Each structure stands twice: as structure tokens, then as C-alpha cells.
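Remarks on the overall topology
Here is how the chains run, residue by residue.
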Amino acid sequence: MTILIKNGLLIDPVNNNESKTDIFIDGSLVVGLGKPPAGFKPQQTIDAKGHWVIPGLVDGQARLREPGQTHKANIASETSAAVKCGITSLCIPPDTQPVIDNSAVVDLIDHRNAKAGNQCHIYTIGALTQALEGEHLSNMATLKANGAIAFSNAGRPFINNLVQRRAMEYAAGGDMLVIIQPRDSDLYANGCAHESSVSTRLGLPAIPEAAETAALAKDIELVAQTGARTHFGQLSCARSVDMIRRAKHNGLPITADCAMHQLFLTDHDIGEFDTNKLTIPPLRSQYDKQALRDGVADGTIDSICSDHQPHEIDAKLRPFPSAEPGISAFDTLLPLAIRLVEEKILSMPGVIGRLSINPARILGLPAGQIAIGELADIVIIDPGAHWYCEGKNFASRGKNTAFEGWDFSGRVTQTLVAGQIVF
Amino acid sequence: MPTMSAKNLQLDENGKLQHFLSIEGLDQQIITEILDTAESFTSVADRVIKKVPILRGKTVANLFFEPSTRTRSTFELAEQRLSADILSLNVDTSATTKGESLLDTIHNLEAMQIDMFVIRHKDSGSAHFFAQHVRPGVSVLNAGDGQHEHPTQAMLDLYTIRHHKQDFTRLKIAIVGDIMHSRVARSQIHALNLLNTAEVRVIAPKTLLPVDTESLGVQLFDDLERGLQDVDVVIMLRLQKERMSGALLPSEKEYFNQFGLTQERLDRASPDAIVMHPGPANRGVEIESSVMDGNQSVILQQVGFGISVRMAIMSMIVGRSGLQANE
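Residues numbered from 1 in each chain as written. Chains lettered and ligands numbered in written order. Predicted model: local features only at pLDDT ≥ 70, side-chain atom pairs only at ≥ 80, totals over all residues.

Structural notes on the overall build of chain B
Counting its regular elements, chain B contains 13 helices and nine strands. Here chain B has a C-alpha radius of gyration of 20 Å; the compact-globule value for 327 residues is 20 Å, and the two agree. The buried share of chain B, reckoned over its 327 residues, is 49%. Across chain B, contacts joining residues at least 24 apart in sequence account for 76% of those joining residues at least 6 apart. (Helix = DSSP H or I, 4+ residues; strand = E, 2+ residues; numbered from the N terminus. Rg over C-alpha atoms; globule rule 2.2 N^0.38 Å. Buried ≥ 20, exposed ≤ 12 C-beta atoms within 10 Å, placed from the backbone. Contact = placed C-beta atoms within 7 Å.)

Spelled out as C-alpha cells, the structure:
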């Protein structure tokens, strides 16, 4: 099928450019920009006048809850939600049930995605250790051959630093990307809120910054030791941003992301024990939020993920320390990105880049740009659409938003994945 | 962005108490009203028939998800003296261990026409949680939620202090011990500050202080002897045995040497200083036996006052004034 998207404002993060550009699509690929290739005849024309056209978003960390927790959500429900929210590629961390530590689970996920119509590209992140138990290395090379794009222990601890070193070394040998959520599980203890005057006042078991930064310092040293290409995920602390900045300056092969909600919320938003604000890592201070914003702006933090964690209603209907952490984040990813532009943190191409080409390059995915010869993963946005955020209206099965009652602008009107109009 | 405030949750549209969840979010007027009402109930205990009919026909459920002796029995006595029908459950051994969710437990009890829940639970914020989910007209009283608040204990402590010292604005009060894990301390600090106490001091080793404790409105001391200088009230907190064995403190002995209340140390306080303890106390760990039983100790009085204070709070919630206690 041939498609013409005409009159739209193309946001191009690769060339840091916004311009009115017509896009010509043939089959799964973009075949022309600005002017049609010879003999191009569109079978379908989308008039995007007054709309923005962006590369489909690449979400480096999203839990779809399948396999294992399909009472919360599943691959069909969440891929359908993702494309409605402008996300066309997403990466599943290995802490599914069963864990993504063998090729059968990779195949199962691919199969379920195919059954759901392959609306959205799904990539799997393999487990660094078997069952994520931090003791025996998983069959990484086999997993890689079957499609795993990177390896992570999903924030779970290694039984000791030697295992972590070996896991990173093994990955480095096979030129595999390691993803680490820096966490010291002892310092995390049973904490559920950032250690601050807020946790003190509410009497909530606290998570100190060192629970992240002490681990990150060690992890960075192990990158220096092993040379493993490493991506640090979901950073939450100002000091972490500093450490990443210095390590990059020293030439280490590292990249980093943070979750979108960390750029907007702080520990004060917990209010009177609002379980929708319960996240791991926790919402930190205003100072940390500002440092993360600075890090995103200056490129220390390369990309932003949703850290999507849909829950069934009961998971949050408990006292704060017993509720399950995480935010259903697909529906608010793009509107919050637009807000970063409104708040002058980033330009439109800048923010879209951190949500598309940057994560795609880090993870080695064929995505993230609208260019001739690339997959036509394209999202069209009506920037003038204003809406009021209500979890009950979410596309995701998870209604657990931390942004209930916020006013947003910008809505996805169409999404193409590999040249197919999926929304 | 909209957040639920404790104040709105605890007070009805007329500003009257409908739940009693935390001292934070209340104002001086309500605190004082509770103390005044409690005073009118103290005489009930001296009658031949220790009952008033304020809660007659009402059913109160005491749900203790954590063990309690003092709080639970004084709540039960308070309810009985107000003529309530009482259902007491040790939920520890009940439905939740069979996998029933907390909310289902509450809703099942609501179906039995319970008017008031007295709840103790290990999770901070659990009292707010229950109050958000009970039916309109049903009240929740916090009998201790995790490490957050224990507001009725703080009220009976305030009552005890007022009984002996009257004017809070002239008082120096020291709270000694495990602030980190203490819901009692958090409620006391808020309550003392609401009454404009001249000085609230906190004396503890750093491992037993939550971060930024000063933000609660207290002065910190890490030295017991300096901290006790000239204070009018000493509140000792219980140090749980299990805290002794971990990395928080080296040993019971060292703790007693540094922070145990002895007569010699107490002598640094004002000569008429009173000694309080929310109980249960560990003799020889945080407090010397002779001080606990000494003539400055008002620890047993606290327990007795606990009944009147809890009667006062419950009667205010059902919407009667304390004066009716004297009918």
C-alpha cells in the first residue's frame, strides 16, 4: 500500500528540524520526503494540515504484564494502548513470569504479539542471570540470537559483585548491551518513599539516595573494569546525574535514561498517602527533579522512558506501604513530553529525540526516525487538542495514573507502524 | 494538583470531628476541646455506676491488626463506659490470614452495621486508607498506624501534662529515645506544637532519628544530660528489643549508659519535672526502675487518663458535647 501524509509539520529530531514536509510511504518503508519518488501514486492520502508528524516513540522500559500477570494487563491490551499513545516500539524488561532467561519466553512474547496483530514492535530484554536470581549467568548468546536486544537483571541484586562483574564481562565479550537499574537492595530495605522530611512526617519506611548512588558508583567502576556497554535506567537522584556526567566525560561507554514521571513529580506529591504516587525508585525531591531536567536538557540523560506499570485496581487499594509500586504511563508519555517543551526544558525536536532516535540508537533498534529507506513508524498529533486526564479513560488497561486531574494538550490522531495504519 | 488533605478527611463540612486519624491536620481549638471534654469525663470513673449513655445503640469495632494491651483495653473500657456495643477482633488471627483483603474485611464488618472503627495496623497511612473507604457516616479512629501517628496516645499525654503543668507556652518538654520508629513521638510533637509549647526537644542517637527531624518543629540533642537541662516534662519512648540486635545500636548496655533515664540524670531537669512513658516500658533499658516507680513518675496516671480522653474523642465524633457526661 502507498500512503501520502501531506501538509503536516514534520518534527525531525535527527536533524533537529521542524518543517512542513510531505511523507511518501510504500509498503513498510518511507520512500520519499518533500517530493514523491518517480511514479509514486498514493492509494491513501492523510491530510495532516495543522498537525505534527513525529517518528513513532521508542519506549525503553514498559511492562505489559504478559506472561505472568495478565490480571493486570496483557500484550494485546497494551500494544493497542501503546499505538494510541504514539508508542510504536517498546522494550519489555526480563522480570516477566516466567523470566525472560530462555528463548522460549522470547518466542512466546513474539507469538502473542503476532496474535494481537503486531500492532507495535516489541523487543525483549533478556535476563543477565537465570531467574534473575543473580547467581548463574543466563544463556545470553542464545537469547541474543533469538532476538533479545539487551540484558538486565531488572533491578534485582546479584549475590555478589563477582557475579555482576562476570555477567558484564560476558556481555561485553559478545558486544551485548547491559542495562542496569542501580539499586542497593540492602539500602532499599523495605523502603517505600524518598528519605526526606516527607517520609519523616508520614512515618514511611525511607529510601535514601545512597540506595541508588552507592550502587551506581560501583556499577560505573565495573563498566570501567569490564568495558561493558552499559545503559543506566530510571535514574532518580541529582547525584546520579552528576556521576553519569563525569563518567561520560571520562569516556566510559555508558548512556542513561529516567522515567518521564520523575521529571514532573516529587515526594511532596504523595500528599496524604496517595498510592498512585508510589514508585520504585521513589519520587525524589524538587532538587532531584530539577537535576534530572537539567540532565535531560544537556544530554547527560540520553533518553526518557515511560516505565509503564499497569495495575489492576486492587493493587493500589491498600495502605501505602502495602500497595504495589508503579504508574500506568503510556497515556501520559506524549502529553508530558509536550509539557517539557511548554516549560522550555527542551525544543520539540529535542524532546521527541529523547523519546525516539536516542533510545533506538542506544538499544540498536530499527526505529526512531522518519527518513528515506527507514520503517514507516509515524505518529500524527493534533497539538490543539486539550484534554483533562482521567485514569478511567485511559487506553491502557492500567488506570493507575499519577496525573489524575492534570490538563494536557496534544493528542495522537493516527499511528502508522511499518506503513500500516494501526490507529 | 489536587491532593487530599488530612484536615478535610478528619473534619465534616461543619468543621466537626468525623474521624480521628492524625494530630497533623487538626487545629488548636479541637485539641483543646478534646482535653476539656476529657476533663468532664474523668468524674465518670469515680461514680458507682461508671456509665453514660452517649454511645448507647452504637456499635464500635476494635480491629487490632497488631497486638496491643493498653490501648486496646482502654479503648474497650471507654466504649463500655459510653454504653456502646463492642466487637473486638484480633485480625492477626482472623480473615486476612486467609487471604481476604483489608478492604473486604472492613466492608464485611460495615455490613454488620458498625458505626465506628478503632483500628491499629502495621502500615503507615492505614487509618487514612480506611477513612477514605468506609461508608459516609462511619467513623475511623486511629489506634496506631505503622510509624505514622498514634493520636489518642498523644492526646492522653497532653492531658496528663496539662493536669500537672497547665500552661504549655512556658514548658520545655523532652522526648527521649526511638523517634524513628515511634508513631507516638510524631503525634506528640505535632500536638505539643499546636499548643505552642515553648520548647520541644528530641534526644536520641542519630540512628534512631528519621532524616530532617527538625522539620517536625523540634530541637535535637544527642546528649541526654544536656538535653534534660531544665526541662519540665520528660517523655521516655519504648525501645523495642528487636532494634537492639541490628545495626541501629551496639547493645542494650551502651544504650542505657548513653540514653537511659536515671535519677541522677533526671536531677538536671527542673525539680518538679514529671516523667512519662507511653508503655510498655523496658526497665533497665530506657528507664531505671527507681525512676519509673519514683515520685516524679506519672506513668500509671497516663493509663487512667487514656480512658477519659478516648471517651471524649468518641463522644465528640458521635456529635454530643462532653457536658452531657454530667447528666
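A look at the interface of chain B and chain A
Listed by partner, the interface residues are 28 residues for chain B and 23 residues for chain A. Mapped onto the side of chain B that touches chain A, the elements with two or more residues apiece are α1 (6-10), α4 (102-110), α5 (126-133) and α7 (183-194) of chain B. In terms of residue class, the side of chain B that touches chain A is built from 11 nonpolar, 13 polar and four charged. (Nonpolar A, V, L, I, M, F, W, Y, C, P; charged D, E, K, R; others polar.)

Concerning the packing of helix α2 (residues 28-42) of chain B against helix α6 (residues 151-165) of chain B
All names here are of chain B. One way to put it is that α2 packs onto α6 with a least axis distance of 10 Å and a crossing angle of 70°. Considering their axes alone, α2 and α6 lie roughly perpendicular with respect to each other. Here Ile34, Leu35 and Ala38 of α2 lie close against α6, whose contacting residues are Met155, Leu158, Tyr159 and Arg162. Across the contact of α2 with α6, the residue classes tally to six nonpolar, no polar and one charged. (Axes fitted to C-alpha atoms, helices over the stretch in contact; angles between N-to-C directions. Parallel < 35°, antiparallel > 145°, perpendicular 65-115°, else oblique.)

What to know about the sheet that holds strand β1 (residues 59-64) of chain B
Residue and element names in this part refer to chain B. Across the sheet, which stays open at both edges, the four strands sit in the order β2-β1-β3-β4 with parallel pairing between neighbours. The sheet terminates laterally at β2 (85-90) and β4 (139-145), the two strands that pair on one side only. Across the sheet, the mean angle separating the axes of adjacent strands is 15° when strand polarity is ignored. Sheet topology note: the β1/β2 ladder contains six bridges and is parallel. Each residue of the ladder has a partner; that of asparagine 62, found in β2, is serine 88. Across the sheet, α5 is in contact with β3 (116-121) and β4; its angle to β4 comes to roughly 165°. (Pairing = 2+ DSSP bridges.)

Focus on the domain arrangement of chain A
Residues and elements named next belong to chain A. Annotation of chain A at the domain level lists domain 1 (2-52 + 375-385 + 405-421) and domain 2 (55-363). Counting from both sides, the interface comprises 17 residues of domain 1 and, opposite them, 21 residues of domain 2. Breaking the side of domain 1 that touches domain 2 down by element, the ones donating at least two residues are β2 (9-12), β3 (17-20), β18 (378-388) and β19 (407-417). Tallying contributions element by element places β19 first for the side of domain 1 that touches domain 2, with six residues. Residues that form the side of domain 1 that touches domain 2 fall into these classes: nine nonpolar, five polar and three charged. (Domains from an automatic or database assignment.)

Structural notes on the environment of Ile301(A)
The residue Ile301(A) is located in the loop between α9 (286-298) and β17 (303-305) in this model. Its 27 C-beta neighbours within 10 Å are what place Ile301(A) among the buried residues.

Notes on unusual backbone geometry
With an omega of 5°, the peptide bond running from Glu66(A) to Pro67(A) counts as cis. Note that Pro67(A) resides in the loop between β8 (57-59) and α1 (75-84). Between Gly279(B) and the following residue, Pro280(B), the backbone shows a cis peptide bond with an omega angle of -10°. Positive phi is not limited to glycine here, since Asn7(A) has a value of about 70°. With respect to the helices, strands and loops of the structure, Asn7(A) is situated in the loop between β1 (2-6) and β2.

A word on the nonpolar core
Residue and element names in this part refer to chain B. Of all hydrophobic cores here, the largest spans 229 residues; its most connected members are Phe117, Val176 and Val234. Sort the elements by how many residues they give to this core and helix α13 (residues 299-317) lands first, with 10 residues. If we ignore the near neighbours within four places in the chain, the residues touching valine 234 are Ala174, Val176, Leu228, Leu261, Leu266, Ala269, Ala273, Val275 and Met276. (Core = buried A, V, L, I, M, F, W, Y, C linked by C-beta atoms within 7 Å.)

Looking at the domain arrangement of chain B
Residue and element names in this part refer to chain B. One can read the domain layout of chain B as domain 1 (6-148 + 306-326) and domain 2 (151-303). Computed over C-alpha atoms only, the centres of domain 1 and domain 2 are separated by 26 Å. Each partner contributes to the interface: domain 1 provides 26 residues, whereas domain 2 provides 21 residues. Of all the secondary structure elements, the ones that give two or more residues to the side of domain 1 that touches domain 2 are α2, α3 (70-81), β4 and α13. Taken together, the residues of the side of domain 1 that touches domain 2 break down into 11 nonpolar, 10 polar and five charged.

Examining α6(B)
Residue and element names in this part refer to chain B. Taking 1.5 Å per residue as the helical rise, α6 with its 15 residues ought to reach 21 Å, and the 20 Å between its terminal C-alpha atoms agrees with that figure. Counting buried positions over the 15 residues of α6 gives 11, a clear majority of the element. Within α6 the residues assigned to the buried category are Pro151, Thr152, Gln153, Ala154, Met155, Leu156, Asp157, Leu158, Tyr159, Thr160 and Ile161. Phi turns positive, to about 55°, at glutamine 166, one or two residues after α6. (Expected span 1.5 Å × (residues − 1).)

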